[in-house]
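Residues per chain, in single letters:
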Amino acid sequence: LADTADEFEGDDTVESAVLLQASALPQKHSIHRPTDIDVYRIELAVPSRVILETDGLEGGTWMALYSQDNLNHAIAKDATSGNADFSRIEQYLGTGTYYATVQDYGANDTIDNYTMALQTTPIRELEDAYEPDDTDVDARPLPIDGTLEYHSLHTFADLDSYWIDLQEASRLTVETDGPAGSIWL
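Residues numbered from 1 in each chain as written. Predicted model: local features only at pLDDT ≥ 70, side-chain atom pairs only at ≥ 80, totals over all residues. Heavy atoms only, no water.

Colleague: Explain the packing of aromatic side chains to me, please; I cannot follow it from the model alone.
Modeller: Each aromatic ring pair is summarised here by two numbers: the centre-to-centre distance and the angle between the ring planes. Enumeration according to the criterion identifies one aromatic pair in this entry. Ring geometry for tryptophan 62 against tyrosine 105: centres 6.5 Å apart, planes inclined by 35°, an arrangement best described as tilted. With tryptophan 62 in strand β5 (residues 61-67) and tyrosine 105 in the loop between β8 (96-104) and β9 (111-122), the pair connects residues that are 43 residues apart, well separated along the chain. (Phe/Tyr/Trp six-rings, centres within 6.5 Å; stacked < 30°, edge-to-face > 60°. Helix = DSSP H or I, 4+ residues; strand = E, 2+ residues; numbered from the N terminus.)

Here it is in structure tokens:
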């Protein structure tokens, strides 16, 4: 069975990448030779949280995620964050085309069967872990040690309120970054 290519084979390049659909059942694939790399295409019409996950009964995968704009630098890589030795990547991405590659972890074995699943949730539908924080009363402390926090403005009317505790006069820079939209501070 190890030499048996799956029905998607020929999916080893960006040009022949398999389109992943978020609403579909997980796709069944194989790594039919140790050097086999399966390539997947993801199309995002709106900024979204994306979860890519492989799973299987035997073996383990290595997965990387790339933007169409830079196929030489992975946005994310993972080997074992999924079930057992399988991969899981969770990222917040802007609109556009992305590619994921999956191969045997170590590129030295075959995997008879594994599944690849995609979940997407538009960012506008995500309530972050800090809610409610829309008023001065509900404001949260903003860390000043450089710790990153991931927030969202999940509805048009959402506000995120923060407070900063300074013990003495200090120069402070507050920055925001994200896949889309603009922020008013």
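Colleague: What's the story with the pairing of β5 in this structure? I'm lost.
Modeller: Regular strands place their side chains on alternate faces of the sheet. Among the seven residues that make up β5, six are buried, leaving the element largely enclosed by the rest of the structure. Where β5 and β8 come together, seven bridges link them in antiparallel fashion. When the sheet's bridge partners are listed, methionine 63 is paired in β8 with valine 102. Relative to strand β6 (residues 76-78), β5 is paired through three bridges, and the arrangement is antiparallel. What sits directly across from alanine 64, in β6, is lysine 77. (Buried < 20%, exposed > 50% of the residue type's maximum accessible area, 1.4 Å probe, protein only. Pairing = 2+ DSSP bridges.)

Colleague: Help me understand the pattern of salt bridges in this model?
Modeller: Pairing between side chains of opposite charge can happen when the charged atoms of each approach one another. Considering all chains together, one arrives at three salt bridges under this definition. For arginine 41, the salt bridge is made with glutamate 43, and the minimal N-O distance between the two is 2.9 Å. The exposure class assigned to glutamate 43 is partly exposed, which follows from its relative accessible area of 43%. For the salt bridge of arginine 88 with glutamate 53, the shortest nitrogen-to-oxygen distance reads 3.8 Å. Separated by 35 residues along the polypeptide, arginine 88 in strand β7 (residues 88-93) and glutamate 53 in strand β4 (residues 48-55) bring together distant segments of the chain. Classification of glutamate 53 by relative accessible area gives partly exposed; the value is 25%. Residues joined in a network through salt bridges with shared partners are Glu53, Arg88 and Glu90. (Salt bridge = Lys/Arg side-chain N within 4 Å of Asp/Glu carboxyl O.)

Colleague: Help me understand the environment of histidine 154 in this model?
Modeller: Here histidine 154 is to be found in the loop between β10 (140-141) and β11 (162-163). Excluding residues within four positions of it along the chain, histidine 154 makes contact with Ile123, Arg124, Glu125, Leu126, Glu127 and Glu131. (Contact = heavy atoms within 4.5 Å.)

Colleague: What exactly am I supposed to notice about the side chain of serine 87 here?
Modeller: Note that serine 87 resides in the loop between β6 and β7. A distance of 2.8 Å separates a polar atom in the side chain of serine 87 from a polar atom in the side chain of threonine 61. Excluding residues within four positions of it along the chain, serine 87 makes contact with Leu52, Glu53, Thr54, Thr61, Trp62, Met63, Asp78, Ala79 and Gly82. (Polar contact = N/O pair within 3.5 Å; in protein donor to acceptor, adjacent residues only side chain to side chain.)

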